[in-house]
Amino acid sequence: MLRLVSLKLGRLYRYVKLAVLGSLAAALVLNTHSLLASLQRNELSERRFLQLNKCPACWGTSWCRKFLNGQLRLESWGRLRLLDFFNVKNVYFARYGEPREGSRRVVLKRLGSAQELADIDTKICRRATGRGRCDLLQALPATEFASLNGDVRLLTPGAVEGWSDLVHCPSQRLLDRLVRRYAETKDSGSFLLRNLKDSERMQLLIPLAFNPEPLVLQSFPSDEGWPFAKYLGACGRMVAVNYVGEELWSYFNAPWEKRVDLAWQLMEIAEQLTNNDFEFALYLLDVSFDNFAVGPRDGKVIIVDAENVLVADKRLIRQNKPENWDVWYESKFDDCDKEACLSFSKEILCARVTVDHNYYAICQNLLSRHATWRGTSGGLLHDPPAEIAKDGRLEALLDECANPKKRYGRFQAAKELREYLAQLSNNVR
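Reading the values: rules and limits
- Residues numbered from 1 in each chain as written.
- Predicted model: local features only at pLDDT ≥ 70, side-chain atom pairs only at ≥ 80, totals over all residues.
- Heavy atoms only, no water.
- UniProt positions renumbered as here; feature names shortened; annotations may be inferred.
- Helix = DSSP H or I, 4+ residues; strand = E, 2+ residues; numbered from the N terminus.
- Buried < 20%, exposed > 50% of the residue type's maximum accessible area, 1.4 Å probe, protein only.
- Contact = heavy atoms within 4.5 Å.
- Areas by Shrake-Rupley, 256 points an atom, 1.4 Å probe, with all protein chains shown as cover.
- Polar contact = N/O pair within 3.5 Å; in protein donor to acceptor, adjacent residues only side chain to side chain.
- Pairing = 2+ DSSP bridges.
- Axes fitted to C-alpha atoms, helices over the stretch in contact; angles between N-to-C directions.
- Core = buried A, V, L, I, M, F, W, Y, C linked by side-chain atoms within 4.5 Å.
- Parallel < 35°, antiparallel > 145°, perpendicular 65-115°, else oblique.
- Left-handed = near helix turned anticlockwise from the far one by under 90°.
- Nonpolar A, V, L, I, M, F, W, Y, C, P; charged D, E, K, R; others polar.
- Phe/Tyr/Trp six-rings, centres within 6.5 Å; stacked < 30°, edge-to-face > 60°.
- Lys NZ or Arg CZ within 6 Å of the ring centre and 35° of its normal.

An unreviewed UniProt entry annotates the protein chain as DIA1 protein of Promerops cafer. Annotation of the protein chain in UniProt includes, under Sequence similarities (unreviewed entry), the sentence "Belongs to the DIPK family." Under Subcellular location (unreviewed entry), UniProt gives the following word-for-word description of the protein chain: "Secreted".

Here you go:
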């Protein structure tokens, strides 16, 4: 019965998609002249489109020369502003480089919907003037962001704690890392805030308060083995990251062997973010099929949406020893009727050394029978081969990882699931 319902929902999703595409086709025909004009323009070289006028209340300027010189061009459909209505997340695909020299695909992000970006301006204005609208450049000096300019030596926890998930419970060690690895300055490498220009500090603090994804990518870079997309640069309110590949949801019905390998990688990511030599626990607070992508050549799973990542410093927790700091924390299963549900307490994530949150998030929202996405259900490991289904071990491990029945069951199930998936993956290669 449940399978029948999911199939009906899948058909409904496809019908709606076809209807939308039909409407778009009609709109394209009616607006042919203006559409041709927009296809010929390179809006990525226009300061207004990049919202450079918002700086320093923006994400950075390190790639402005590349943008303004025309080295980036939106791919054909991305040039149609008519489609912005459907592009709620403001994510664009573009080509970077010169055609004769070869170009590569990159992803451009505004880091928020049009409404969310407007809300940022409103919040800045209210903090500075008490009104919802103002001249941003004149208002910024009256905000808390400007209070960290001048001769301020360090970015300290007391100044930014709670601004965003990234710094919900920051340590000095984490903040020094953010400043030292800040890529929107020519003189990176120093943890001293005063070594940044006032405009650069502002461009560090604005995303830290409103959308810290660029700072996560810079501070935990892919070049060092972290499972995040590679940060390239920014101009105004447009950030460029490398294109990874198709999103994970497109592999939902891939061959079993492929899905086993992807599932194993996802569990390895959960382990790496939870336990690593740096003693930073990176907890994924938003886990869904569109937050991961898969490389077409190497098949590597990468996190492509890092806005909601909470970083807890295990070294600081051990040092401060808050109440129950050394008691293992088990996340509570959330059996909701929506997609990508998670139950967690940020305060507990910040105060415990041993936490199973990442295992729970991956198992519940991606791998197990509890995972749902766009009318489909059963998780990435749905419909296993008959011999694996008959054995029952995989189903038991997934159930215990998502919704444990015994104390500390998820910790053990996650460990065994990683080993079992590695075994299955090796067997089918």
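Asks: What am I meant to see in the overall build of the protein chain here?
Replies: If you tally the helices and strands in the protein chain, you get 17 helices and 12 strands. Burial status across the protein chain gives 49% buried among its 429 residues. Relative to all contacts within the protein chain whose residues are 6 or more apart in sequence, the contacts with residues 24 or more apart total 69%. In the structure as shown, the protein chain presents an accessible area of about 21000 Å², 51% of it carried by carbon and sulfur atoms.

Asks: Just to check I follow, could you spell out the environment of M267 for this structure?
Replies: By the element assignment, M267 lies in helix α11 (residues 256-274). Through-space distance from the C-alpha of M267 to that of E419 is 9.8 Å; in sequence the pair is 152 residues apart. The contact partners of M267, leaving out residues within four places of it in the chain, are Y359, I362, C363, L367, C401, A414, L417, R418 and L421.

Asks: Hey, could you run me through the environment of E330 in this one?
Replies: Residue placement: E330 occurs in the loop between α12 (314-320) and α13 (346-349). Distance in space between the C-alpha atoms of E330 and F344 is 9.7 Å, their sequence separation being 14 residues. When sequence neighbours within four positions are dropped, the list of residues in contact with E330 reads D356, K406, R407, Y408, G409, R410 and F411. Here the side chain of E330 touches Y408 through a polar contact of 2.3 Å, landing on its backbone nitrogen.

Asks: Would you mind showing me how to read the sheet that holds strand β6 (residues 246-247) here?
Replies: Think of a sheet as strands paired side by side through backbone hydrogen bonds, with each pair either parallel or antiparallel. What the 3 strands build is an open sheet, ordered β6-β8-β9; its pairing is antiparallel. The open sheet is flanked by β6 and β9 (301-303), the only strands paired with a single partner. Each of β8 (292-294) and β9 is contacted by α11, which is oriented at about 45 degrees to β9, the strand it contacts most.

Asks: Looking at this structure, how should I read the sheet that holds strand β4 (residues 231-235)?
Replies: Pairing within the open sheet is antiparallel, and its 5 strands lie in the order β1-β2-β3-β5-β4. Both outer strands of the open sheet, β1 (72-74) and β4, are each paired with one neighbouring strand and no more. Recorded for the sheet is a direction-independent mean angle of 35 degrees between the axes of neighbouring strands. Here β4 pairs with strand β5 (residues 238-242) via 4 bridges, running antiparallel. In the strand pairing of β5, G233 is matched with A240.

Asks: Sorry if this is basic, but what is going on with the environment of E98 here?
Replies: Residue placement: E98 occurs in strand β2 (residues 91-98). Spatially, the C-alpha atom of E98 lies 8.5 Å from that of L72, the residues being 26 residues apart in sequence. Residues contacting E98, with those up to four places away along its chain left out, are Q71 and S103.

Asks: Quick question: what am I supposed to make of the pairing of strand β7 (residues 280-284) here?
Replies: One face of the sheet, then the other: side chains in a regular strand alternate in exactly this way. By the criterion of burial, β7 is predominantly enclosed, with 5 of the 5 residues buried. The two faces of β7 match: F280, L282 and L284 on one face and A281 and Y283 on the other face are all buried. Examined bridge by bridge, β7 and strand β10 (residues 309-313) share 5 bridges and lie antiparallel to one another. The partner of L282 across the bridge, within β10, is V311.

Asks: Explanation requested: helix α8 (residues 172-180) in the structure shown.
Replies: Each turn of an α-helix holds 3.6 residues, which means side chains three or four residues apart point in the same direction. Turning to α8, its buried residues are L174, L175, D176, R177, L178 and V179. In this fold, the buried residues of α8 make contact with α7 (157-160), α9 (198-210), α10 (213-219), β7 and β10.

Asks: Looking at this structure, I do not really get the nonpolar core. What am I missing?
Replies: The tendency in soluble globular proteins is for nonpolar side chains to be buried as a group. Among the nonpolar cores identified, the biggest contains 91 residues, and L208, F228, M267, F292 and L367 are the most heavily contacted of them. Residue contributions to this core peak at 9 residues, all from α11. Of all hydrophobic cores here, the second largest spans 20 residues; its members include L52, L72, L108 and A240.

Asks: What am I meant to see in the packing of α11 against helix α14 (residues 357-367) here?
Replies: For any two helices packed against each other, the geometry comes down to the angle between their axes and how far apart the axes lie. Following both chains from N to C, one finds α11 and α14 inclined at 155 degrees, their axes separated by 9 Å at the closest point. One element, α11, and the other, α14, form an angle in the roughly antiparallel class. Regarding α11 and α14, the two cross each other, and that crossing is right-handed. In this structure, α11 contributes A263, L266, M267, A270, E271, L273 and T274 to the contact, and α14 contributes N358, Y359, I362, C363, L366 and L367. When its residues are assigned to classes, the contact of α11 with α14 shows 10 nonpolar, 2 polar and 1 charged.

Asks: Looking at this structure, how should I read the packing of aromatic side chains?
Replies: For any pair of aromatic rings, geometry is given as the distance between the ring centres together with the angle between the planes. One pass over the full model with this rule turns up 14 aromatic pairs. Consider the rings of F93 and Y243, whose centres lie 5.9 Å apart with planes at 80 degrees: the pair is edge-to-face. Residue F93 is located in strand β2, and its partner Y243 is located in the loop between β5 and β6; the two are separated by 150 residues in the primary sequence. Judged by its relative accessible area of 24%, Y243 falls in the partly exposed class. An aromatic cluster is built from F220, W226, F278 and F280, whose rings are joined through pairwise contacts. Directly above the ring of F280 sits R173, whose terminal nitrogen or CZ lies 4.0 Å from the centroid. The ring of W59 is capped by R237, whose NZ or CZ atom sits 5.9 Å from the centre of that ring.

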